[in-house]
Amino acid sequence: MSARYIVGIDLGTTHTVVAYADTHLGVSPAEPSAVPSIHPFAIPQLVGPAQVETRALLPSARYHAANGELAPGALDLPWATGRDFAVGEFASDLGAKSPGRLVRSAKSWLSHDGVDRTAPILPWGAGRDVPQCSPLQASAGYLAHVKEAWNQAFPHEPLHAQDVVLTIPASFDETARSLTVKAAHEAGLPQVRLVEEPQAAFYRWMSVHQDDLDSALDGLRLVLVVDVGGGTTDLTLLRLEARETGPRVTRIAVGDHLMLGGDNMDLALAHLLEPRFGDRGLGSHAFGQLAYQCRLAKERMLHEAAPENVPVSVVGTGSKLIGGARSVSVDRQELQTTLLEGFFPQCEFETAPHKRRAAIVEFGLPYVADPAITHHVAAFLRLHQDLAREALGVAGPAADQGVTSNAIPDAVLFNGGVFRSALLRCRMMSTLGAWRGSVPRELESPSLELAVSAGAVAYGLARRKIGLRIGGGSARTYFLSTTTERPDEGIVLLPRFAEEGEEIVLEKRTFSLRLGKPVRFGVFSSTSQVQHLRPGDLVHVSAETRQDLPPVAAVLEGEGAGEVPVRLAASLSELGALELSCVAEGASERRWKLEFQARSQASADSAVSLARVERLHPRFKEATARIDCVYGKSQAETGPREVKTLRADLEKILGPRAQWNPPILRELFGALWAGRKRRRRSKDHERVWLNLVGYCLRPGYGAPLDDWRCAQLREVHQAGLQFVPEAQNWAEWWTLWRRVAGGLDEPLQAQLLEDVSWYLEPETRTPRKRPKGPRKLGYQDMVRLVGSLERLATAQKMNAGNQLLTRLQSGEDGAQSWWSVGRLGARVPQYGSVHQVVPAEHITPWIERALECDWNQVPEAAFAAALMSRRSGDRERDLAGDQRTRVAARLEVAGLPSTWRQMVLEVTHLDAEAEQRMLGELLPPGLRLLD
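Residues numbered from 1 in each chain as written. Predicted model: local features only at pLDDT ≥ 70, side-chain atom pairs only at ≥ 80, totals over all residues. Heavy atoms only, no water.

A.B. asks: Whenever I open this one, the overall build of the protein chain confuses me. Can you help?
C.D. replies: For the protein chain, the helix and strand inventory stands at 30 helices and 32 strands. Across the 931 residues of the protein chain, 56% fall into the buried class. (Helix = DSSP H or I, 4+ residues; strand = E, 2+ residues; numbered from the N terminus. Buried < 20%, exposed > 50% of the residue type's maximum accessible area, 1.4 Å probe, protein only.)

A.B. asks: Is there a simple way to think about the confidence of the model for the protein chain in this case?
C.D. replies: For residues with low pLDDT, the predicted coordinates do not support detailed interpretation. A residue-level look at the protein chain finds 85% of positions with pLDDT of 70 or above and a mean pLDDT of 84. Of all secondary-structure elements in the protein chain, the lowest mean pLDDT belongs to strand β31 (residues 608-610), at 38, while strand β1 (residues 5-11) reaches the highest, 97. Here residues 309-325 is a poorly scored stretch, pLDDT under 50, and it has 45 contacts once near neighbours within four places are set aside; other chains count. In this model residues 397-403 is a low-confidence stretch, pLDDT under 50, and it forms 11 contacts with partners more than four residues away in sequence or in other chains. (pLDDT = per-residue confidence, 0-100. Contact = heavy atoms within 4.5 Å.)

A.B. asks: Looking at this model, I keep getting lost on the sheet that holds strand β9 (residues 102-103). Mind explaining?
C.D. replies: What holds strands together in a sheet is hydrogen bonding between their backbones, with the strands either parallel or antiparallel. Taken in spatial order, the 3 strands line up as β8-β7-β9 in an open sheet, and their pairing is antiparallel. Two strands close off the open sheet at either side, each with one partner strand: β8 (85-87) and β9. In the sheet, strand β7 (residues 62-64) pairs with β9 via 2 bridges, with the strands oriented antiparallel. Residue Arg62 lies in a different strand from β9, and its bridge partner there is Val103. Across the sheet, helix α1 (residues 89-97) touches β7, β8 and β9, and the angle it forms with β7 is around 55°. (Pairing = 2+ DSSP bridges. Axes fitted to C-alpha atoms, helices over the stretch in contact; angles between N-to-C directions.)

A.B. asks: What should I look at first to understand the sheet that holds strand β20 (residues 441-443) in this one?
C.D. replies: An order of β14-β13-β12-β19-β20 is seen for the 5 strands of this open sheet, with the pairing classed as mixed. If you trace the sheet from one side to the other, it starts and ends with β14 (246-254) and β20, each paired once. For this sheet, the mean inter-axis angle between neighbouring strands, taken without regard to orientation, is 25°. Packing against the sheet, helix α12 (residues 422-436) makes contact with β12 (222-228), β19 (411-415) and β20, and its axis sits at approximately 155° to β19.

A.B. asks: For this particular structure, what's the right way to read the pairing of strand β2 (residues 15-22)?
C.D. replies: Remark: a regular strand shows side chains that alternate across the two faces of the sheet. Within β2, 7 of the 8 residues are buried, which leaves it mostly tucked inside the rest of the structure. In textbook terms, the turn of a hairpin is the stretch between consecutive antiparallel strands, and for β1 and β2 this stretch comprises 3 residues. Across 2 bridges, the pairing between β2 and strand β6 (residues 58-59) is antiparallel. Along β6, the bridge assignment pairs Thr16 with Leu58. Here β2 pairs with strand β3 (residues 38-40) via 3 bridges, running antiparallel. Across the sheet, Ala19 pairs through a bridge with Pro40, a residue of β3.

A.B. asks: Any chance you could explain helix α25 (residues 815-824) here in plain terms?
C.D. replies: For the α-helix, the turn length of 3.6 residues means that residues three or four positions removed from each other point alike. Burial of α25 is extensive: 8 of the 10 residues sit out of reach of the surface. What α25 keeps buried is the set Ser817, Trp818, Trp819, Ser820, Val821, Gly822, Arg823 and Leu824. Buried residues belonging to α25 abut α21 (727-739), α23 (779-787), α24 (794-809), α26 (840-851), α27 (859-869) and α30 (912-919).

A.B. asks: Help me understand a negative patch on the surface, please; the structure alone is not making it clear to me.
C.D. replies: There is a patch of like negative charges on the surface, built from Asp211, Asp212, Asp214 and Asp218. Looking at the secondary structure, you find Asp212 in the loop between α5 (197-208) and α6 (213-216). By relative accessible area, Asp212 is classed as partly exposed at 36%. (Patch = residues over 30% accessible without salt bridge, like charges linked within 9 Å, V, L, I, M, F, W, Y side chains within 5 Å. Areas by Shrake-Rupley, 256 points an atom, 1.4 Å probe, with all protein chains shown as cover. Salt bridge = Lys/Arg side-chain N within 4 Å of Asp/Glu carboxyl O. Lys, Arg positive; Asp, Glu negative; His and termini not counted. Charge placed at Lys NZ, Arg CZ, Asp CG, Glu CD.)

A.B. asks: Looking at this structure, how should I read empty space enclosed by the protein?
C.D. replies: Any space left empty among the atoms is revealed by the rolling of a water-sized probe across them. For the structure shown, the criterion picks out 5 cavities of 30 Å³ or more. Volume-wise, the largest cavity comes out at about 80 Å³. Considering the residues around the largest cavity, the lining is formed by 13 residues, among which Leu11, Lys107, Leu110, Ser139 and Thr180 are closest to the centre. For the lining of the largest cavity, the elements supplying multiple residues, two or more each, are α2 (106-110), α3 (135-153) and β10 (163-168). Tallying contributions element by element places α2 first for the lining of the largest cavity, with 3 residues. Along the lines of polarity and charge, the residues of the lining of the largest cavity split into 7 nonpolar, 5 polar and 1 charged. There is about 60 Å³ of room inside the second largest cavity. Around the second largest cavity sit Pro699, Tyr701, Arg738, Arg739, Ala741, Gly742, Ser788, Arg823, Gln830, Tyr831 and Leu919, which together line it. Of the residues belonging to the lining of the second largest cavity, the class tally is 5 nonpolar, 3 polar and 3 charged. (1 Å grid on protein atoms, 1.4 Å probe; cavity = no way out; pocket = protein on both sides within 12 Å on 5 of 7 lines; lining within 4 Å. Points joined across faces, edges and corners; volume = space filled by probe spheres on them. Nonpolar A, V, L, I, M, F, W, Y, C, P; charged D, E, K, R; others polar.)

A.B. asks: What is the right way to look at the pairing of β19 in this model?
C.D. replies: Of all the 5 residues making up β19, 5 are buried; the element is thus mostly covered by neighbouring parts of the structure. Residues of β19 alternate between two faces, with Ala411, Leu413 and Asn415 on one and Val412 and Phe414 on the opposite face, all of them buried. Between β19 and its parallel partner β20, the chain crosses via α12, and the hand of that crossover is right-handed. (Right-handed = clockwise from strand over helix to strand, strands pointing away.)

A.B. asks: Mind showing me how you'd approach the pattern of salt bridges here?
C.D. replies: Close approach of charged atoms lets side chains of opposite charge pair. Applying the stated criterion across every chain, the model contains 39 salt bridges. For Glu848, the salt bridge is made with Arg886, and the minimal N-O distance between the two is 2.7 Å. Of this pair, Glu848 sits in helix α26 while Arg886 sits in helix α28 (residues 881-893), placing them 38 residues apart in sequence. By relative accessible area, Arg886 is classed as partly exposed at 43%. Across the salt bridge formed by Glu913 and Arg917, the nearest N and O atoms sit 3.1 Å from each other. Of the two residues, Glu913 and Arg917 are both situated in helix α30; the distance of 4 residues between them amounts to about one turn of the helix. Judged by its relative accessible area of 27%, Arg917 falls in the partly exposed class. Taken together, the salt bridges that share partners define one network made up of Arg239, Glu241, Arg243 and Glu390.

A.B. asks: Even after reading the chapter, I still don't get helix α9 (residues 332-343), so can you show me in this structure?
C.D. replies: The terminal C-alpha atoms of α9, which comprises 12 residues, lie 16 Å apart, in line with the 16 Å expected from a rise of 1.5 Å per residue. Residues Arg332, Leu335, Gln336, Thr338, Leu339, Leu340 and Phe343 constitute the buried set of α9. At the N-terminal end of α9, a side-chain oxygen is found 3.2 Å from the backbone nitrogen of Gln333, two or three residues along, and the residue is Asp331. (Expected span 1.5 Å × (residues − 1). Polar contact = N/O pair within 3.5 Å; in protein donor to acceptor, adjacent residues only side chain to side chain.)

A.B. asks: I'm lost on the packing of α24 against α25 in this one. Help?
C.D. replies: Relative placement of two packed helices is described by the angle separating their axes and the distance separating the axes. Remark: α24 packs on α25, axes separated minimally by 10 Å, with the N-to-C direction vectors making an angle of 155°. The orientation of α24 with respect to α25, classified from their angle, is roughly antiparallel. The two elements α24 and α25 cross, and the hand of that crossing is left-handed. Of the residues in α25, those in contact with Lys797, Ala800, Gly801, Leu804, Leu805 and Leu808 of α24 are Ser817, Trp818, Ser820, Val821 and Leu824. Of the residues in the contact of α24 with α25, the class split is 7 nonpolar, 3 polar and 1 charged. (Parallel < 35°, antiparallel > 145°, perpendicular 65-115°, else oblique. Left-handed = near helix turned anticlockwise from the far one by under 90°.)

A.B. asks: Where do I start with unusual backbone geometry in this structure?
C.D. replies: In most cases, non-glycine residues show a negative phi, while peptide bonds are predominantly trans. Look at the link from Leu122 to Pro123: it is a cis peptide, with omega at 5°. Among the secondary structure elements, Pro123 is positioned in the loop between α2 and α3. Omega for the bond connecting Arg698 with Pro699 falls within 30 degrees of zero, at -5°, which places this linkage in the cis form. A positive phi is found at Ala50, a non-glycine position, where the angle reads about 55°.

A.B. asks: I keep staring at the side chain of Thr233 and nothing clicks. Help me out?
C.D. replies: Within the secondary structure layout, Thr233 lies in strand β13 (residues 233-243). Those residues within four positions of Thr233 in sequence are excluded, and the remaining contacts are Asp227, Val228, Asp256, Leu258, Leu260 and Ile373.

A.B. asks: How do you make sense of the packing of aromatic side chains when you look at a structure like this?
C.D. replies: The relative placement of two aromatic rings is captured by the distance of their centres and the angle of their planes. All chains considered together, the criterion is met by 23 aromatic pairs. Note on Trp660 and Tyr695: the rings are 6.3 Å apart at their centroids and 80° apart in plane angle, and the pair reads as edge-to-face. Residue Trp660 is found in the loop between α16 (646-654) and α17 (662-674), and its partner Tyr695 is found in helix α18 (residues 683-697); the two are separated by 35 residues along the sequence. A relative accessible area of 1% means that Trp660 is categorised as buried. Clustering of aromatic rings is evident, with ring pairs tying together Tyr5, Tyr20, Phe41, Trp150 and Phe154. In this structure, Arg657 packs its charged tip against the face of Tyr695, placed 3.9 Å from the ring centre. (Phe/Tyr/Trp six-rings, centres within 6.5 Å; stacked < 30°, edge-to-face > 60°. Lys NZ or Arg CZ within 6 Å of the ring centre and 35° of its normal.)

Shown next, in the form of structure tokens:
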């Protein structure tokens, strides 16, 4: 039996909004076609101390109160008492005064792959006395609040038993979609459906026009939905077709994920006003207050009918504002110019978004480099010109229809709180009109704040065949890569418009599956394929339109070994994610589900990029045979010399090892791993094995299944070094872990720190008792290892850095320690999460110690200072401007590379030399750090 209520939840960056429909009302035998009405759900929330009132919007804000800040019971709700945090309007008000205790933009954090989204990292940059929660926990908390509020209002119809529809940006990747569902599960909502926000907005528009939908859509063929919310910009194209059975609506394209919205506008205004408080700028907390005041000023001057040039006060509370200023003002014209020219500039249709690295990075979030929304809209429409032409039915210029040679949608639907401003809507419409040759029709939304939640309900009704349902399924065609010799070819896995839940088996293609060993499938997609394609077709895809995706990779278990013939089965999940399975041929019915490694360490958006895979070296089998001679089961005719010369022999076969690419390296690792137990044969067996394994698996990530390979190394760590008296073996032991550190999880990194911690402690007058076990050798290699452990807790990094600096002060350590100190205190980690970066205030004395050195004699100290002073763009991580200026000046005086000085003054990528210096050695060819 269907649930009585359909409930739509817009889990927004700025607000959470809820709507519902009672499917048992308004439907009777006399009115079988009646459509249930959609109603907003007023959400009870704290609006003051112990004061609960209902509001149409629940601010997506969570405030962690300080001990004694509020009276006992001030944060109690009808369904929860004794809490030390607030959610909603009161939380937002408290956070305006103390932004360091406010959790905001959890939705943006949920899509930020530069941090661990399940770790307690919010509020970003909070003091040690402030409790923290994860983006996942914050999102779950908002949903839990909605659930409890609903259950109080409808005690006999609990929310978990209703049809709940959650909205998400169309551009959310698989990870962000999955985390949204996980947040719902943690909130006690085990069964939810997802709908994309632009689609939800259009569902709402259709529901408003349900009685005259044919006439409302008359003459329209292509709708652009421009959704600019608090944290994201979402673009979608909808194709409209008039048929005898009624109108048909199909989603044909979605845009990339753009972290760009109202928050960026508030920050841009805050940056504009900040210099007026003094030359030195504001601290992070004062800047947070300023950004909040800018948001209020923006909403007042854009959304209210006010005279031109009315001064609006932007107040920063507190008596310690730099320069003594406590308020500044921005007039209406200045604000409008900033927003129009910064975010909605008029531009040509050919204008591309700027790719500069420096962008607004505040409160830890990496916003897009180009804030001009019109630039991104132009790029989106250019990418999908073929689809637009097909939908509009134009092959070229059609002046008689008022259409230029550009295929521009003939209708626009705006969504998101930003477009409550008629000024911004008019600018966007005039820009589209200039591209098109005539202004498209604007589809007016009755309420931008409630449209998405109400549209989610309309989507739920459409699923019950009450109302028109948007079709389209997959907005992309997914392809399987073939050979690297023909990168422009692909095998169709899932055609565009494939519906959710529809499994498609590639009957034309048979693949060979290796059981017990890593398997990898390269996947890419394209939205520009307008011809009809069938699964299994081999087609040409231009490089300009293809989007390479992280590979599908797994280790598949099964009885026996060897290869099994399989067919690939593809489907689109209800989360909108590609799912792949291998189905064994014959009657065995064996099936293996492959994991799509979205936003994984193999992703092009993570800390490393991987060049296209090349074929293995033609003499590769000869190389693995050479490894088998040394580490195979048989030792026949293999003497000590053959062991010692193994690396040189491999270079004779495969060429210089600096040229070994990732596929060769990882396959060599597989051959070495098969012989891991034979490293015990002699000290040379172990030394060479450790050296080659570390070299072949460096930097521990970047290639498919590296996480699996690195996880296997735990077995080696547990077994420990076998030939403990050998200093060279210890050196290779520590070097192995340093080389693959990027692929090691936090527990193993913590264990490695514990392994060496006794040796890092500064000497004392009283002899220290050495830990049990063999004496470990290779101190300098231990030091370099510690600097590579970026997943250590912040406190562990701080302690290790302080120990090394103490030893440097006493003259015990040298260049290697400075390298490690620089890595431990780096503002921009190589692979770790930014929430584990050592606080800027703790780094200052480390930099002062580095400044005392002669950088011409100790360039490692200079590089450490550059890494610790490097500009990230994040106010919480970056040092004060005057400190960075001092370091930059010293670098210039010392005549050190100009790129070091550049990284201190600007947000920029590392160059190849700095990349190699930071890593400690060359990356494999084809790998590139993307910090």
